[in-house]
Amino acid sequence: MAIATDREYGLFIGGELTEPAAGEVRELTEPATGALLARAAMAGEADVDRAVEAARGALDGDWGKTSGTERSRLLHALADAIASNRAELAELESRNVGKAISSVKAELHQAVENFRYYASAIATIGGRANPIGGSLLFYSLKEPVGVAGQIVPWNYPLMMATWKLAPALAAGCSVVLKPDPQTPLTAIRLGELAAEVGFPAGALNVVPGDGPTTGAYLVRHPGVDKIAFTGSTKTGGEIMRLASDPVKRITLELGGKSPNLIFADADLASAIPSSAWAIYYSAGQSCEARSRLLVEKPIYDEVVSKLAELAGAIRVGDPLDKETQMGSLISTGHRERVHGFVERGTGEGAEVVAGGAVPEGAGAFYPPTVVAASNELEIAQEEVFGPVVAVTAFEDEKDAIRIANDVRYGLMATVWTGDPARGHRIAARIKSGTVGINMPYTAFPGIPFGGYKQSGFGRELGLESLELYLETKSVVVSTGLRPINPFGL
Ligand code: NAD
């Protein structure tokens, strides 16, 4: 593996790489080593204007005329291009984010499947027809919402981009995608690949840049019809405000503090290692990380000591080593934030059972950490966004549900139990967008994913996401023979 580290990644606007108007280019370093990775152009307001204009032009031109069948073919072609460039994309993403390459490969596989899913889902786009009564007939048309502004975070740069791009392009929208300024590289490559496989110029534009300036400008832009945002709950609130004048359609995929419930009747041989995976995958920098582990009292000590043992056994290290299970965090600055939660937690009475110390040496590494904490502490309530799980004991099913719901977020939950009826009871009572029963996995191309409560609204993946990029137009028509003269004039 060897990607060129001397490459400069431009903005991707109107079907080609371009220089930023203000000339800003940043050096990106690898969080796991501190070494230079690449130079990347950053977009400013003039570049967003150009990108929105290109997106609007595409809608009014070739892209707007592209049939559903052709869009489906293009999405499949982009899936093929991602698959055949998988080695390069995986290395780029792994080095840019510090994420274990084994994880990135799984994410790339999902990115490919996601484009294929929406390539097929295009066949479901269609209105309905109905006689209203008398001589009136109704039918509806489905039309693309228009120009979609999409804003994604740094934790899954490629996968979050594909979650948003695939349904938008399937619906026939054109897109201006703003990646996080720390992690723009694979999104720029996606733009290039889309052009190579024949997407018309302007259908997909990529403008990395800072959130409060470039991102906010995109959200306010009068040429943008819809904003799809993934990021923190705090920024989500700001996006709502910014998207209110002129009013835009918005969907928000926000933070989480997801519970993982283990009952005494669970198969612990699955529950405990899966719980380790559910928090330490992607170094805990996942919106759906099960960062609260709730354990039934009789098995609490056993689960905590086994989890601490497994946490210590996770292979943390060089993200490019295929044996590595957990790479570094995104930056040393973010590591300080994560460690700050652990320090404040212990100050409030939580107890570190595993990890919890900043390691010596280069790179933004942080160990898999287990903290015993009661649910009202900050470390159990707020999103740490690192490899830190807060473990709490519960008495019985009612208590488990109460604690699981006692948080402002509602993205994901997992329950481990040997009693199938209990699994379904709990699934019905937990306030979260997804519930897993006896399995830790979270996201599949055809299955809607999103939040309750402060985890946002709207859904990614599944047909629900496609629908959010479509307008419904109702057409009502008279088929009668007699003149229509409502006032009898
Ligand atoms: P963030 O909110 O700081 O940034 C997310 C994106 O928004 C970035 O591209 C950033 O540049 C941009 N941004 C920031 N301020 C903005 C503004 N004022 N106007 C417009 N854009 C702005 O989030 P983060 O810390 O980078 O990402 C982690 C967060 O994302 C976590 O809370 C995580 O749970 C959440 N997340 C949610 C999901 C989901 O599907 N629900 C998936 C991944 C991540």
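Computed from a predicted structure; not experimentally measured.

Colleague: Mind laying out the site of the ligand, listing which residues take part and the relevant values?
Modeller: Residues in contact with the ligand amount to 29 residues; listed here are only the nearest, Val152, Ser232, Thr235, Leu254 and Glu383. Note that an oxygen atom of the ligand is positioned 3.3 Å from one of the backbone N or O atoms of Gly211. In this structure, Gly231 approaches the ligand through a main-chain N or O atom, which is 3.3 Å from an oxygen atom. A total of 860 Å² of accessible area belongs to the ligand in isolation, and the protein chains cover 89% of it. A majority-of-atoms criterion places the ligand in the largest pocket. Broken down by secondary-structure element, the contributors of at least two residues to the shell around the ligand are helix 8 (211-220), strand 11 (226-230) and helix 9 (233-242). Residue composition of the shell around the ligand, by class: 16 nonpolar, 8 polar and 5 charged.

Colleague: Could you give an account of the pattern of salt bridges, with specific residues and numbers?
Modeller: For the coordinates displayed, the defined rule picks out 28 salt bridges. Across the pair Glu192 and Arg7 runs a salt bridge whose closest N-O atoms are separated by 3.3 Å. Of this pair, Glu192 sits in helix 7 (residues 185-196) while Arg7 sits in the segment before strand 1 (8-9), placing them 185 residues apart in sequence. Look at Glu192 and you get buried, because its relative accessible area is 15%. For Glu107, the salt bridge identified is with Lys99, shortest N-O distance 3.1 Å. Here Glu107 and Lys99 have matching classes, each one buried. Residues joined in a network through salt bridges with shared partners are Arg7, Glu88, Arg189 and Glu192.

Colleague: Before we move on, can you summarise the sheet that holds strand 15 (residues 351-354) with the specific residues and values?
Modeller: Neighbouring strands of a sheet are bound in pairs by backbone hydrogen bonds; such pairs are parallel or else antiparallel. Judged by pairing direction, the sheet is mixed, and its 7 strands sit side by side in the order 15-16-17-14-13-19-20 without closing on themselves. Because the sheet does not close on itself, it has two edges, and the strands there are strand 15 and strand 20 (434-437). Neighbouring strand axes in the sheet, compared pairwise and without regard to direction, differ in orientation by 25° on average. Bridging between strand 13 (residues 259-262) and strand 14 (residues 292-296) involves 4 bridges; their strand directions are parallel. By the bridge assignment, Leu261 is partnered in strand 14 with Leu294. Relative to the sheet, helix 10 (residues 268-280) contacts strand 13, strand 14, strand 16 (369-372), strand 17 (388-394) and strand 19 (412-416), its axis offset from that of strand 13 by approximately 170°.

Colleague: An account of the packing of helix 10 against helix 11 (residues 300-313) is needed here, citing residue identities and associated values.
Modeller: A pair of packed helices is captured by two measures, namely the crossing angle of their axes and the spacing between those axes. Close contact between helix 10 and helix 11 brings their axes to 10 Å; oriented N to C, the two are set at 55°. As summarised for this structure, helix 10 and helix 11 are arranged oblique, according to the angle between their axes. The interaxial crossing formed by helix 10 with helix 11 has right-handed handedness. Counted together, Leu268, Ile272, Pro273, Ala276 and Tyr280 of helix 10 and Glu302, Val303, Lys306, Leu307, Leu310 and Ala311 of helix 11 form the full contact between these two elements.

Colleague: Quick rundown of the layout of surface pockets? Include the residues and the values.
Modeller: One water molecule sets the probe size; rolling that probe over the atoms shows where empty space is left. What the largest pocket holds in volume is close to 840 Å³. Listed by contribution, the elements that provide at least two residues to the lining of the largest pocket are helix 8, strand 11, helix 9 and helix 12 (332-347). Along the lines of polarity and charge, the residues of the lining of the largest pocket split into 18 nonpolar, 11 polar and 10 charged. The computed volume of the second largest pocket comes to approximately 320 Å³. Taken together, 17 residues line the second largest pocket, and the ones lying closest to its centre are Gln110, Met159, Trp277, Thr442 and Ala443. For the lining of the second largest pocket, the secondary structure elements donating two or more residues are helix 5 (101-121) and helix 6 (157-171). For the lining of the second largest pocket, a count of residues per class yields 13 nonpolar, 2 polar and 2 charged.

Colleague: For the pairing of strand 8 (residues 147-151), give the residues involved together with the corresponding values.
Modeller: Within strand 8, 5 of the 5 residues are buried, which leaves it mostly tucked inside the rest of the structure. Along strand 8, one buried face is formed by Val147, Gly149 and Ile151 and the opposite face, lined by Ala148 and Gln150, is buried too. Here 5 bridges tie strand 8 to strand 9 (residues 174-178), and the two strands are oriented parallel to one another. Each residue of the ladder has a partner; that of Gln150, found in strand 9, is Leu177. The β-α-β motif built from strand 8, the intervening helix 6 and the parallel element strand 9 has right-handed crossover chirality. One ladder, built from 4 bridges, connects strand 8 with strand 11; its direction is parallel. The residue bridging Ala148 from the neighbouring strand is Lys226, located in strand 11.

Colleague: Can you lay out helix 3 (residues 68-84) for me, pointing to particular residues and giving the numbers?
Modeller: In a regular helix each residue adds 1.5 Å, so 17 residues correspond to 24 Å; helix 3 covers 24 Å between its end C-alpha atoms and thus fits that length. Those residues of helix 3 not exposed but buried are Arg71, Ser72, Leu74, Leu75, Ala77, Leu78, Ala79, Ala81, Ile82 and Ala83. In this structure, the buried residues of helix 3 make contact with helix 2 (62-65), helix 4 (86-97), helix 5, helix 6 and helix 7.

Colleague: Explain helix 15 (residues 420-429) to me, using residue names and the numbers behind them.
Modeller: Here helix 15 has its buried residues at Arg422, Gly423 and Ile426. Viewed end-on, helix 15 has its buried residues packed into an arc of 105°, placing them on one side of the element. Looking at helix 15, the residues exposed on the side facing more than 90 degrees away from the buried face are Pro420, His424 and Ala428. The N-cap of helix 15, judged by a side-chain oxygen 3.0 Å from the amide nitrogen of Ala421 a few residues on, is Asp419.

Colleague: Kindly report on the sheet that holds strand 23 (residues 470-478), identifying the contributing residues and their values.
Modeller: Read from one edge to the other, the open sheet built from 3 strands follows the order 6-7-23, with strand pairing classed as antiparallel. Of all the strands in the sheet, the pair left with one neighbour each is strand 6 (129-133) and strand 23. Each adjacent strand pair in this sheet contributes to an overall mean axis angle of 30°, direction not counted. Inspection of the sheet shows strand 7 (residues 136-144) paired to strand 23 by 9 bridges, in the antiparallel sense. Its bridge partner lying in strand 23, Glu143 is registered against Glu471.

Criteria and thresholds
- Residues numbered from 1 in each chain as written.
- Predicted model: local features only at pLDDT ≥ 70, side-chain atom pairs only at ≥ 80, totals over all residues.
- Heavy atoms only, no water.
- Near = heavy atom within 4 Å.
- Polar contact = N/O pair within 3.5 Å; in protein donor to acceptor, adjacent residues only side chain to side chain.
- Areas by Shrake-Rupley, 256 points an atom, 1.4 Å probe, with all protein chains shown as cover.
- 1 Å grid on protein atoms, 1.4 Å probe; cavity = no way out; pocket = protein on both sides within 12 Å on 5 of 7 lines; lining within 4 Å.
- Sits in = over half its atoms within 2 Å of the grid points.
- Helix = DSSP H or I, 4+ residues; strand = E, 2+ residues; numbered from the N terminus.
- Nonpolar A, V, L, I, M, F, W, Y, C, P; charged D, E, K, R; others polar.
- Salt bridge = Lys/Arg side-chain N within 4 Å of Asp/Glu carboxyl O.
- Buried < 20%, exposed > 50% of the residue type's maximum accessible area, 1.4 Å probe, protein only.
- Pairing = 2+ DSSP bridges.
- Axes fitted to C-alpha atoms, helices over the stretch in contact; angles between N-to-C directions.
- Contact = heavy atoms within 4.5 Å.
- Parallel < 35°, antiparallel > 145°, perpendicular 65-115°, else oblique.
- Left-handed = near helix turned anticlockwise from the far one by under 90°.
- Points joined across faces, edges and corners; volume = space filled by probe spheres on them.
- Right-handed = clockwise from strand over helix to strand, strands pointing away.
- Expected span 1.5 Å × (residues − 1).
- Arc of directions from axis to C-beta.

On their own, these measurements won't tell you what the molecule is for.
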